[in-house]
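Below are the chains, spelled out letter by letter.
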Amino acid sequence: KYVWTYDKMQMPKNNKESLEDLLNYINNKKLNVIFTIPIRQYDRNINGMLNTATEIIEDYGYKVINFNTLDNFDINFNNEFYNENHLNVYGATKYTLYFSKYLKEKYDLPDHRNDKDYSSWDSEYERFKESFKKLTNDNFDNLLIDF
């Protein structure tokens, strides 16, 4: 089983500067931003640099959701990954549902379902559900009971 480490490693100077430039831009524009670290098997160096980046981001006052360290987000590396770096349909669905629920609970986001200005989203969602059914023999809407 993959285990996230909490060691910190120095980031390359240009990466750190780019991150700080981004954070300053976000501050100046007064944007509400959440950073995420997607789940995957990071090598020790990248893991350490992500910990350093997280510290910088949090020092600026922004939230970082690290899917590698969430207690209530359990992923099975044997069954829910396509390869060592990419989730398969089961893992991606679990990730999307978790993050969607988080956003819904924490933020007052408008619901654009059935909004004519977002009709392309509705048609793409229908295409997604058809693909999901073909891949999994399951109905995606059944997974949305908590929504």
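Parameters at a glance
- Residues numbered from 1 in each chain as written.
- Predicted model: local features only at pLDDT ≥ 70, side-chain atom pairs only at ≥ 80, totals over all residues.
- Heavy atoms only, no water.
- Helix = DSSP H or I, 4+ residues; strand = E, 2+ residues; numbered from the N terminus.
- Buried < 20%, exposed > 50% of the residue type's maximum accessible area, 1.4 Å probe, protein only.
- Contact = heavy atoms within 4.5 Å.
- Lys, Arg positive; Asp, Glu negative; His and termini not counted.
- Charge placed at Lys NZ, Arg CZ, Asp CG, Glu CD.
- Expected span 1.5 Å × (residues − 1).
- Arc of directions from axis to C-beta.
- Axes fitted to C-alpha atoms, helices over the stretch in contact; angles between N-to-C directions.
- Parallel < 35°, antiparallel > 145°, perpendicular 65-115°, else oblique.
- Nonpolar A, V, L, I, M, F, W, Y, C, P; charged D, E, K, R; others polar.
- Polar contact = N/O pair within 3.5 Å; in protein donor to acceptor, adjacent residues only side chain to side chain.
- Core = buried A, V, L, I, M, F, W, Y, C linked by side-chain atoms within 4.5 Å.
- Phe/Tyr/Trp six-rings, centres within 6.5 Å; stacked < 30°, edge-to-face > 60°.

Novice: What am I meant to see in the overall build of the protein chain here?
Specialist: Secondary structure assignment for the protein chain yields 4 helices and 4 strands. For the protein chain, the α and β elements follow one another from N to C terminus as α-β-α-β-β-β-α-α. Split into buried and exposed, the 147 residues of the protein chain put 27% on the buried side. For the protein chain, restricting intrachain contacts to residue pairs at least 6 apart in sequence, the fraction spanning at least 24 positions comes to 71%. Separation of charge centres in the protein chain, based on 19 positive and 24 negative side chains, amounts to 1 Å.

Novice: Looking at this structure, I do not really get helix α4 (residues 119–136). What am I missing?
Specialist: One full turn of an α-helix is made of 3.6 residues, so residues set three or four places apart face in the same direction. Under the 1.5 Å per step criterion, the end-to-end length of α4 is 26 Å for 18 residues, consistent within 8% with the ideal 26 Å. Turning to α4, its buried residues are K129, F132 and T136. Along α4, the residues classed as buried sweep out an arc of 65° about the axis, all on the same side. The outward face of α4, more than 90 degrees from its buried face, is lined by the exposed residues R127 and K134. In this structure, the buried side of α4 is in contact with α3 (89–106). Downstream of α4 by one or two residues, N137 has phi in the positive range, about 60°.

Novice: Explanation requested: the packing of α3 against α4 in the structure shown.
Specialist: If you want to describe how two helices pack, look at the angle between their axes and the distance between the axes. For the pair α3 and α4, interaxial distance at closest approach is 11 Å and the crossing angle is 135°. Taken as axis vectors, α3 and α4 run oblique relative to one another. Of the residues in α4, those touching α3 at V89, Y90 and T93 are F132, L135 and T136. When grouped by side-chain class, the residues that make up the contact of α3 with α4 number 4 nonpolar, 2 polar and no charged.

Novice: Sorry, what's going on with the side chain of N47 here?
Specialist: Structurally, N47 is set in helix α2 (residues 44–59). In terms of polar contacts, N47 uses its side chain to reach the backbone carbonyl oxygen of T5, at 2.9 Å. Beyond its immediate sequence surroundings of up to four residues, N47 is in contact with Y2, W4, T5, D7 and Y42.

Novice: Before we go on, may I ask you to explain the nonpolar core in this structure?
Specialist: In a soluble, globular protein the nonpolar side chains are often hidden away together inside. With 23 residues, the main nonpolar core has L19, L23, F35, I39 and I57 as its most contacted residues. Elements that contribute at least two residues to this core include exactly α1 (13–29), β1 (34–37), α2, β2 (63–66) and α3. With residues up to four places along the chain from it excluded, the contact list for I57 reads L19, L23, F35, Y62 and V64.

Novice: Which parts of the structure should I look at to understand the environment of R44?
Specialist: Structurally, the position occupied by R44 is in helix α2. With 46 residues separating them in the primary sequence, R44 and Y90 have C-alpha atoms 26 Å apart. Excluding residues that lie within four positions of it along the chain, R44 makes contacts with D7 and M9.

Novice: Could you clarify how one ought to interpret unusual backbone geometry in this entry?
Specialist: Although it is not a glycine, K30 sits at a positive phi angle of roughly 55°. The phi angle at N114 is positive, at roughly 65°, despite the residue not being glycine. Take N114: its relative accessible area is 72%, and that puts it in the exposed class.

Novice: Would you mind going over the packing of aromatic side chains with me for this structure?
Specialist: Centre-to-centre distance and the angle between the planes together describe a pair of aromatic rings. According to the stated counting rule, one finds 15 aromatic pairs in the structure shown. A ring pair is formed by F67 and F99, whose centres lie 6.1 Å apart and whose planes are at 80°; its orientation type is edge-to-face. On the criterion of sequence distance, the pair formed by F67 in the loop between β2 and β3 (81–83) and F99 in helix α3 is long-range, its members being 32 residues apart. Residue F67 is classed as buried on the basis of its relative accessible area of 1%. Judged by centre distance (4.7 Å) and plane angle (15°), the ring pair of F77 and F81 falls under stacked. Grouped by ring-pair contacts, the aromatic residues F67, F73, Y95, Y98, F99 and Y102 constitute a single cluster.

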